[in-house]
Protein chains: 2
Amino acid sequence: MFSCWLSRLCGGLSTPTGRVTHLIQGSLSRRLMLSSQRRIPELNSFVARTNTCGELRSSHLGQEVTLCGWIQYRRQNIFLVLRDFHGLVQVVIPQDESAASVKKILCEAPMESVVQVSGTVISRPPGQENPKMPTGEIEIKVKSAQLLNTCKKLPFEIKDFVKKTEALRLQYRYLDLRSFQMQYNLRLRSRMVMKMREYLCNLHGFVDIETPTLFKRTPGGAKEFVIPSREPGKFYCLPQSPQQFKQLLMVGGLDRYFQVARCYRDEGSRPDRQPEFTQIVDISDVFRNTKVGFLQDALSKPQGTVKAICISEGAKYLKRKDIESLRKLAADHFNQEVLPVFPKANRNWNSPVAKSIMEEQRSELIRLMEIQEDGVVLLTAGEHRKACSVLGKLRLECADLLEARGLVLRDPALFSFLWVVDFPLFLPKEENPGELESAHHPFTAPHPSDIHLLHTEPKQVRSQHYDLVLNGNEIGGGSIRIHDAELQRYILATLLKEDVKLLSHLLQALDFGAPPHGGIALGLDRLICLVTGAPSIRDVIAFPKSFRGHDLMSNAPDSLPPEELKPYHIQVSWPADSEAEKSSLNQPYHPES
Amino acid sequence: MFSCWLSRLCGGLSTPTGRVTHLIQGSLSRRLMLSSQRRIPELNSFVARTNTCGELRSSHLGQEVTLCGWIQYRRQNIFLVLRDFHGLVQVVIPQDESAASVKKILCEAPMESVVQVSGTVISRPPGQENPKMPTGEIEIKVKSAQLLNTCKKLPFEIKDFVKKTEALRLQYRYLDLRSFQMQYNLRLRSRMVMKMREYLCNLHGFVDIETPTLFKRTPGGAKEFVIPSREPGKFYCLPQSPQQFKQLLMVGGLDRYFQVARCYRDEGSRPDRQPEFTQIVDISDVFRNTKVGFLQDALSKPQGTVKAICISEGAKYLKRKDIESLRKLAADHFNQEVLPVFPKANRNWNSPVAKSIMEEQRSELIRLMEIQEDGVVLLTAGEHRKACSVLGKLRLECADLLEARGLVLRDPALFSFLWVVDFPLFLPKEENPGELESAHHPFTAPHPSDIHLLHTEPKQVRSQHYDLVLNGNEIGGGSIRIHDAELQRYILATLLKEDVKLLSHLLQALDFGAPPHGGIALGLDRLICLVTGAPSIRDVIAFPKSFRGHDLMSNAPDSLPPEELKPYHIQVSWPADSEAEKSSLNQPYHPES
């Protein structure tokens, strides 16, 4: 099958050493176009099945078929339901004496064993059709059967998988993958990525280019994994993103490049630091004269602000323990205090802080935020960015809580996109606010209207960065890049005080006629999550790592004997307090809980 | 553009949280089908150009256009040739006084600078059309021009690039990528991979799944890069191939899986160990009584053989120094002695060995190999596999030499495919011939007809491995895999004496109803090489590593300060003899020559 197909493919190409220097890309691409939706017959001699389980219909009645699949279900030793990647089909186990051996195989094989059956497609008796099952009008009258592989007792049933702990699901990932939901998610992902490719390659002439994953450390690349080489003391890095290569491809004239790329970020075990996007109301003025300590504190600082969101119908649907868990989330993950305020004064939450909000402030708040009677205000204070982050997160949490109680807040069929633009190019450094750091990365171009401010008021310069938000979740971002070497040098060396030597290859490339260029990167995992409604990106990745970066199935990362490290000229520096851990390395593995 | 497209894509999908448990894959895939060949208008506000350089024809006459591109060529300050990814177009520099500033920009910009021009598409004067150029009937009468980026003096001209040393080309890869040949190779590669995806996904329902690149060391994975984690002494590995994941996906019911995968092989600096496929003639019997030392030696050993190939017209076209360089190649890369034999006795090569071949042996050789008068026989002796490898390589080298002298040996438009089957499942271990090792890998299934020999004569068992060869080059290989856990355990533990604990996750997966399965992997780099006629795989990869695994553009791998290794709990073990090297680490970088 492959060679026949390759032959057809190659035959359609221009002769390779003819070189055809005058052939233009446009005409070549037309010659390469394969007339696409035609079905090509299966020519694979290794395949025993004549059909897939899911494809049989009334139009197949009377056909002799051979099917292979897993035993999904068995009823009273009379019926089997057989499953493959395409769907389910009902199989009738023969009951007559002459077929005793076939019956024995089909009745004794454990669930999830793999069997091959041959037989005839017949209609189900009247009244026994199953309209909910695509193959529900037919069943298979089996003549012969073969047990291809038996299945040991499963740790739990496939259909119960999603109810199990994530650690267990990851440990037995190959079983979890058999579930309807994982099959659906991964196959949908594959088709979505294919549609993206067709759009970019076939409709817009983009070129798909793979860039290296063994590369050099980038400045500030503290989250890049290092890979020792066979040269003493020399290391590769796994790039966090192919952004440098993107730019070099543009310099190289590979206009309209795209790639479905892996990005390696060694996040360690830090919590999700991704701030969520949100709309907020600034209510600092209401509290200018507050006596509440943490509000006072916040407002006394230059970047300090008091922000709030209103949860409509919150007073009706949120319980006290919900509010407490929201406050705990804010405290644990954002180190932020959050205060609930109820429009009705008779709702008293025993919180000393709540009492300190005077009646006057309360009514001003209600007016400003247009709070309905059963609304709840969640209020926080602090540095602008942090206050926004925590409220954005709480807003999503509240929506989840209210929806779990039956409210319809978000239309799951609706995809609302939003572009976020006009980001600042620089931010004050967290550890030293007198210095600047890039808001995104140092290659982002300044907004053309603000270029004159670069030398005088760099903090006021907006960037040409843009983010794409889908239903409140950031799904992508990108920017127009700096193509002028002088400007890039000025920003790196003068404004950001970076060591430009580490980026000399990029600066040199810009000097050799880099065209103006820009791009965007979509977070595929998150996008597929939103489209499938999966609760976690781990549900749209075939073999995800656990929260702590472990592969719970194979137990990676794992220890290596010192002699395997020798070719790479490295040795382990055991921390002083890890001697116990070191000596336990050879003990059996316990997955994290 | 992106959000509009995403919106369209998402709108066409089923509602994500509807979950639709009865929706079958087949109907979903039809709903996802995008009507494909329709052109979608460009809505990108960042793009200044109205057209690409390569697309303009007589049908565009009179149109006002804006083009962006690199200055490819300038003639007498009257014409410019502008280049973009789509092709070339001629631009007429205005000569009248009123357009002096436009003329200045276009005449003073160095070659390979990036300019934007606006003007009218006009026909070339009669007789000045260039039929070899797709845009050769028209030119652009420029009204305004803008210098988007200037280009410093290039280290050499773009069109001369392929003549430069590979090290220089790799160092300035972004310039090399602008050459016609690299653009052609990379764009063809992109289209070929797209065709493969369309064939697999759209015509055959394959599912594209990405498997992890941070994984656990596999037994015998001596060529896997190691990646230290933040847990002391624990390492990930970059997998040599996704073969374990392939199998786990099959166990997980993800039938019809494919992936365009990266394979990481840390080959160190070993020479190419890939034995080439070849046809040969065994002439051991002719030399049973030879007096030539190395032939005697070889034939005295159990696996010893004397093999030869005949180069037709070799005596006419190959020079003495060619023969010597072939012998040197055999000696350097294969440690094999090779002897040329000429049918005409009067051709005396002053070689003491050549003289030792007696007249009788010579004529027997001529008869056996059907040597024509101007043929040359290249003869070698030794272990079967090594003798075949060296002659296979020499055969291809000779073909290159003869073709360089004008002979037409291979039709470059012809793609000849060959399946190689019936490989042995095991080979004797090189270092200990009494023990067995897998000919390919331990997961390959035995040939069904030979299974009974596994317990008695394992060396006689053929495997279900298959290789695909295109024009004499191995472009892919694969196998039917073992799906039975007991058989896999027997082969691993009893026959191969491997530690099965390291593969416990795989053995466990086989126990839970693994279906019979197999696959194939194509070497994409080599395949694209053969199709484009590129001399090296480095000509079909955007950013290849050098022979020694270096990135000559960015200087990777590079040294890292010890504090950056600290989070990974490793330190460098400097070899005793490398103190000099260590101290020179901060010196300027010199690319390897």
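Residues numbered from 1 in each chain as written. Chains lettered and ligands numbered in written order. Predicted model: local features only at pLDDT ≥ 70, side-chain atom pairs only at ≥ 80, totals over all residues. Heavy atoms only, no water.

*Asks:* Would you explain the overall build of chain A in this entry?
*Replies:* When helices and strands are tallied, chain A shows 18 helices and 21 strands. A total of 593 residues make up chain A; the buried ones form 52% of that total. Put simply, 65% of the contacts in chain A that link residues at least 6 apart link residues at least 24 apart. Counting every atom, chain A has about 27800 Å² of accessible surface; 52% of that belongs to carbon and sulfur. (Helix = DSSP H or I, 4+ residues; strand = E, 2+ residues; numbered from the N terminus. Buried < 20%, exposed > 50% of the residue type's maximum accessible area, 1.4 Å probe, protein only. Contact = heavy atoms within 4.5 Å. Areas by Shrake-Rupley, 256 points an atom, 1.4 Å probe, with all protein chains shown as cover.)

*Asks:* So what exactly am I meant to see when it comes to the pattern of salt bridges here?
*Replies:* In a structure, side chains of opposite charge can pair up when their charged atoms sit close to one another. This structure, assessed with the given rule, holds 46 salt bridges over all chains. Across the salt bridge formed by A:Glu210 and B:Arg189, the nearest N and O atoms sit 3.7 Å from each other. Highlighted residues: A:Glu210 in the loop between β6 (207-208) and β7 (226-228) and B:Arg189 in helix α6 (residues 180-204), drawn from two different chains. Residue class for B:Arg189 comes out buried when judged on its relative accessible area of 10%. (Salt bridge = Lys/Arg side-chain N within 4 Å of Asp/Glu carboxyl O.)

*Asks:* How do you make sense of the sheet that holds strand β4 (residues 114-123) of chain B when you look at a structure like this?
*Replies:* The strands making up a sheet associate through backbone hydrogen bonding, with each pair oriented either parallel or antiparallel. Residues and elements named next belong to chain B. Pairing is mixed in the closed barrel, where five strands are placed in the order β1-β2-β3-β5-β4. Averaged over all neighbouring strand pairs, the angle between strand axes comes to 55°, with direction disregarded. Sheet topology places strand β3 (residues 87-92) next to strand β5 (residues 138-149); two bridges connect them, and they run parallel. Note that in β5 the partner of Val91 across the bridge is Ile140. (Pairing = 2+ DSSP bridges. Axes fitted to C-alpha atoms, helices over the stretch in contact; angles between N-to-C directions.)

*Asks:* Explain the side chain of A:His441 to me, please; I cannot follow it from the model alone.
*Replies:* Residue and element names in this part refer to chain A. Mapped onto the elements, His441 comes out in the loop between β16 (436-438) and β17 (465-470). When its relative accessible area of 16% is taken as the criterion, His441 is described as buried. Setting aside residues no more than four positions away along its own chain, His441 makes contact with Gln243, Ser479 and Arg481.

*Asks:* What am I meant to see in the sheet that holds strand β20 (residues 558-559) of chain B here?
*Replies:* Taking strand neighbours across the sheet as the criterion, the three strands line up as β7(A)-β8(A)-β20(B) in an open arrangement whose pairing is antiparallel. Each edge of the open sheet is held by one strand with a lone partner, namely β7 of chain A together with β20 of chain B. Bridging between strand β8 (residues 234-237) of chain A and β20(B) involves two bridges; their strand directions are antiparallel. From the neighbouring strand, A:Phe235 faces β20(B), where its bridge partner is B:Asp558.

*Asks:* In this structure, what is going on with the environment of A:Ala556? I would like to understand it.
*Replies:* Looking at where A:Ala556 falls in the secondary structure, it is placed in the loop between α16 (524-532) and β20 (558-559). Taking the C-alpha atoms as reference points, A:Ala556 and A:Lys545, separated by eleven residues in sequence, lie 9.1 Å from one another. The residues contacting A:Ala556, other than those within four sequence positions of it, are A:Gly549, A:His550, A:Asp551, B:Phe215, B:Lys216 and B:Tyr236.

*Asks:* How should I be thinking about the pairing of strand β2 (residues 79-84) of chain B in this particular structure?
*Replies:* Residues in a regular strand point their side chains to alternate faces of the sheet. Residues and elements named next belong to chain B. Most of β2 sits inside the fold, with six of its six residues counted as buried. Neither face of β2 is left uncovered, since the one carrying Phe79, Val81 and Arg83 and the one carrying Leu80, Leu82 and Asp84 both have all their residues buried. Judged from the five bridges that link them, strand β1 (residues 64-75) and β2 form a sheet pairing that is antiparallel. Bridged to Arg75 within β2 is Phe79. Strand direction decides the pairing type here: β2 and β3, joined by six bridges, are antiparallel. Across the sheet, the residue bridging to Arg83 is Leu88, located in β3. Between the antiparallel neighbours β2 and β3 lie two residues.

*Asks:* Just to check I follow, could you spell out the packing of helix α7 (residues 243-251) of chain A against helix α15 (residues 504-511) of chain A for this structure?
*Replies:* In a packed pair of helices, the relevant descriptors are the angle between the two axes and the axis-to-axis distance. Residues and elements named next belong to chain A. For the pair α7 and α15, interaxial distance at closest approach is 10 Å and the crossing angle is 25°. One way to sum up the angle between α7 and α15 is to call them roughly parallel. α15 is crossed by α7, and the crossing has left-handed handedness. Contact with α7, carried on its side by Gln244, Gln247, Leu248 and Val251, involves His505, Leu506, Ala509 and Leu510 of α15 and no other residues of that element. In the contact of α7 with α15, the residues fall into five nonpolar, three polar and no charged. (Parallel < 35°, antiparallel > 145°, perpendicular 65-115°, else oblique. Left-handed = near helix turned anticlockwise from the far one by under 90°. Nonpolar A, V, L, I, M, F, W, Y, C, P; charged D, E, K, R; others polar.)

*Asks:* Looking at this structure, how should I read unusual backbone geometry?
*Replies:* Keep in mind that most residues, glycine aside, have a negative phi and that most peptide bonds are trans. Even without a glycine there, the phi angle at A:Glu313 is positive, about 65°. Looking at the element boundaries, A:Glu313 is found in the loop between β11 (304-311) and α9 (314-317). One non-glycine residue, B:Asn335, adopts positive backbone phi at about 55°. Residue class for B:Asn335 comes out exposed when judged on its relative accessible area of 63%.

*Asks:* Would you explain helix α14 (residues 485-495) of chain B in this entry?
*Replies:* Working note: α-helix, 3.6 residues per turn, so residues spaced by three or four point in the same direction. Residue and element names in this part refer to chain B. Within α14, the full set of buried residues consists of Ala485, Gln488, Tyr490, Ile491, Leu492 and Leu495. Two or three places before Glu486, at the opening of α14, Asp484 has a side-chain oxygen 3.1 Å from that residue's backbone nitrogen. Looking one or two residues past α14, Lys497 carries a phi angle of roughly 55°, positive in sign. (Polar contact = N/O pair within 3.5 Å; in protein donor to acceptor, adjacent residues only side chain to side chain.)

*Asks:* Would you take a moment to explain the packing of aromatic side chains for this structure?
*Replies:* The geometry of an aromatic ring pair comes down to the distance between the two centres and the angle between the two planes. Applying the stated criterion across every chain, the model contains 16 aromatic pairs over all chains. Between A:Tyr236 and B:Phe225 the ring centres are 6.0 Å apart and the planes differ by 90°, which places this aromatic pair in the edge-to-face class. Note that A:Tyr236 is positioned in strand β8 and B:Phe225 in the loop between β6 (207-208) and β7 (226-228), a pairing that runs across two chains. Classification of A:Tyr236 as buried rests on a relative accessible area of 6%. The buried category is assigned to B:Phe225, whose relative accessible area is 6%. Measuring from centroid to centroid gives 4.8 Å for A:Phe543 and B:Phe245, while their planes differ by 50°, and the two rings are tilted. With A:Phe543 in the loop between α16 and β20 and B:Phe245 in helix α7 (residues 243-251), this residue pair bridges two chains. For the pair A:Phe543 and B:Phe245, a shared accessibility class is recorded, and that class is buried. Members of the aromatic cluster, joined through ring pairs, are A:Tyr172, A:Tyr174 and B:Phe512. (Phe/Tyr/Trp six-rings, centres within 6.5 Å; stacked < 30°, edge-to-face > 60°.)

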